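Spelled out, the chains give:
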Amino acid sequence: MVLIWTQFGMKHKNVNVKCKVRVMHRGDSSGSSSSAESSRSEQDTPCLSIKPTAGKDFYKVLGVSPESNEDEIKKAYRKLALKFHPDKNSDADAEDKFKEIAEAYEILTDPKKRSVYDQFGEEGLKNGMSMAGQGNIFRNNFHGDPHTTFSSFFHSSDHFDIFFGSDSEEDLFNPFRRFPFSHVGGFAGHEGGLRRGQQRLQGDEVVHDLLVTLEEVMHGCTKHVKITRSRLNPDSRSLRSEEKVLNVVVKKGWRAGTKITFPREGDETPNSTPADITFILRDKEHTQYKREGSNIVYTAKITLKEALCGCTVNVPTLDNRMMPLPCSDVIKPGAVRRLRGEGLPMPKSPSQRGDLVVEFQVLFPDRIPPQSREIIKHSLAQC
């Protein structure tokens, strides 16, 4: 007796494979039987049911249906590969998930592999099953390196441009502008670019001095600085020039030498990511004061008579007031008086202020009349 089965009605791996069975006795070349018993055997013999052995559901891995076309599978892989790439995702299972996604993509985008998988499941791919109507045995030869799949996908002409474009389908790609590409292999293939395997390093910091007046430091201010910078075009090769206004906030009391940095706002090149721009505060020369930390120094010029006989000096403040400073004692050249709390705000505690320091400069006469000289000698005889 010879058992012959023929498979039919196969759709995908979750559907049983039905078989029609005929029993042939030795010597019956036509495959038919004249006896009632033979006829009953053919009619009563149950059909075989073959169900693929349980394994990975690659459609579920990519979140697509078994009826999905190639474009839908590619779109699903692109989204999940970016989400679970281990250089971007720090979850403990990201590496395994990334590999599983790549394996699913490799199988479902290969017509032969997908056909075998739909008929026999993952075990059919592993053990080697022949496709219907063909004699060749097909096995799943996944290379095991999901980064190779990732590199191949994003270096293809269709996807590499999208990867850097600003008008991509989803904003999934924008965060990847800071992606280290440790497995992609750099930006090879264009003149002046990086060699394969290299990463783009950040450009050198751009430093500018920013002049501020004491009044601006006193009250705080925002400086609007227009810059011109170079940026990469979507093709990641050519450059364009663009202008941008940076709003530099100067807080009360900030001292000269304070640095204000704008990350990644500088020039960009095919070989380097955008540079940082740093502004360093510099005090603009003032007509009345000089700065010493949170203190400001005002030079008061008085005559020799005022220095010897006493006077009241009106000292201007930064907020346009006049502070009377009475001086009854003899004032020597270089003498100092302080007006407490009339200086600049302190950087770490802006509600507190430094002092306004008054430094005296005594103006001596160029000449003294003879008669006055005698009077002065007499008056200062005991000094």
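Residues numbered from 1 in each chain as written. Predicted model: local features only at pLDDT ≥ 70, side-chain atom pairs only at ≥ 80, totals over all residues. Heavy atoms only, no water.

Observations concerning the overall build of the protein chain
Each helix and strand counted, the protein chain has 10 helices and 20 strands in total. Considering the protein chain as a whole, with its 383 residues, one finds that 36% of them fall into the buried category. A sequence separation of at least 24 residues applies to 56% of the contacts in the protein chain between residues at least 6 apart. Approximately 23200 Å² of the protein chain is accessible, and the part contributed by carbon and sulfur atoms is 49%. (Helix = DSSP H or I, 4+ residues; strand = E, 2+ residues; numbered from the N terminus. Buried < 20%, exposed > 50% of the residue type's maximum accessible area, 1.4 Å probe, protein only. Contact = heavy atoms within 4.5 Å. Areas by Shrake-Rupley, 256 points an atom, 1.4 Å probe, with all protein chains shown as cover.)

Remarks on the sheet that holds strand 7 (residues 206-212)
Reading across the sheet, the 3 strands line up as 7-12-10 and stay open at both edges, with mixed pairing between neighbours. A single partner strand is all that each edge strand has here, and the edge strands are strand 7 and strand 10 (259-262). Between one strand and the next, the sheet's axes are offset by a mean angle of 25 degrees, whatever the strand orientation. Of the strand pairs in this sheet, strand 10 and strand 12 (residues 277-283) are connected by 4 bridges, and their pairing is antiparallel. In the strand pairing of strand 12, phenylalanine 262 is matched with isoleucine 277. (Pairing = 2+ DSSP bridges. Axes fitted to C-alpha atoms, helices over the stretch in contact; angles between N-to-C directions.)

Structural notes on helix 3 (residues 70-84)
A rise of 1.5 Å per residue sets the reference length of helix 3, with its 15 residues, at 21 Å; its end C-alpha atoms lie 21 Å apart and thus fit the reference within 8%. Buried within helix 3 we find Ile73, Ala76, Tyr77, Arg78, Leu80, Ala81, Leu82 and Phe84. For helix 3, the N-terminal capping position is held by asparagine 69, with its side-chain oxygen 3.2 Å away from the main-chain nitrogen of aspartate 71. (Expected span 1.5 Å × (residues − 1). Polar contact = N/O pair within 3.5 Å; in protein donor to acceptor, adjacent residues only side chain to side chain.)

Let's talk about the packing of helix 4 (residues 94-108) against helix 5 (residues 111-127)
Look at helix 4 against helix 5: their axes get within 10 Å of each other, and the N-to-C directions meet at 135 degrees. In terms of orientation, helix 4 and helix 5 fall into the oblique class. Side by side, helix 4 and helix 5 meet where Glu103, Glu106, Ile107 and Leu108 of the first sit next to Lys113, Arg114, Tyr117, Glu122 and Leu125 of the second. Split by residue class, the contact of helix 4 with helix 5 holds 4 nonpolar, no polar and 5 charged. (Parallel < 35°, antiparallel > 145°, perpendicular 65-115°, else oblique. Nonpolar A, V, L, I, M, F, W, Y, C, P; charged D, E, K, R; others polar.)

Considering the confidence of the model for the protein chain
The pLDDT averaged across the protein chain works out to 77; a share of 70% of its residues lies at or above 70. Note that pLDDT drops below 50 for residues 1-52; the model gives that stretch 66 contacts with residues more than four away or on any other chain. Every residue in residues 131-139 is under pLDDT 50, and counting partners more than four places away or in other chains gives 22 contacts. (pLDDT = per-residue confidence, 0-100.)

Points about the environment of aspartate 235
Here aspartate 235 shows up in the loop between strand 8 (221-232) and strand 9 (239-250). Exposure remark for aspartate 235: the relative accessible area of 30% places this residue in the partly exposed category. Each C-alpha atom, one on aspartate 235 and one on proline 270, is 10.0 Å from the other, the two residues being 35 residues apart in sequence. A polar side-chain atom of aspartate 235 sits 3.1 Å from a polar atom in the side chain of serine 238.

Details of unusual backbone geometry
Phi is positive for arginine 264, which is not a glycine, with a value near 60 degrees. Checked against the element boundaries, arginine 264 lands in the loop between strand 10 and strand 11 (272-273). Relative accessible area serves as the criterion here: at 30%, arginine 264 is assigned to the partly exposed category. In this model, asparagine 320 sits at a positive phi of 65 degrees, which is unusual for a non-glycine residue. The topology assignment puts asparagine 320 in the loop between strand 15 (311-316) and strand 16 (322-327).

Re the pattern of salt bridges
By the definition in use, this model includes 15 salt bridges. Two residues, glutamate 103 and lysine 56, come together in a salt bridge whose shortest N-O distance is 3.3 Å. With glutamate 103 in helix 4 and lysine 56 in the loop between strand 3 (48-50) and helix 2 (58-62), this pair connects stretches of sequence that are 47 residues apart. Note on glutamate 103: relative accessible area 11%, which makes it buried. Each of Arg229, Arg240, Glu242, Lys244 and Glu265 takes part in a single network of salt bridges with overlapping partners. (Salt bridge = Lys/Arg side-chain N within 4 Å of Asp/Glu carboxyl O.)

A short note on the nonpolar core
The nonpolar side chains of a soluble globular protein tend to be buried, and buried together. In this structure, Phe279, Ile302, Val315, Val358 and Phe360 are the most contacted members of the largest nonpolar core, which totals 36 residues. For valine 315, the contacting residues outside a window of four places in its chain are Tyr298, Arg321, Met322, Met323, Leu325, Leu339, Leu356 and Val358. (Core = buried A, V, L, I, M, F, W, Y, C linked by side-chain atoms within 4.5 Å.)

Describing the side chain of glutamate 122
On the secondary structure map, glutamate 122 appears in helix 5. The buried category is assigned to glutamate 122, whose relative accessible area is 7%. A distance of 2.8 Å separates a polar atom in the side chain of glutamate 122 from the backbone nitrogen of lysine 56. Beyond its immediate chain neighbours, meaning those up to four positions away, glutamate 122 contacts Gly55, Lys56, Phe58, Glu103 and Tyr117.

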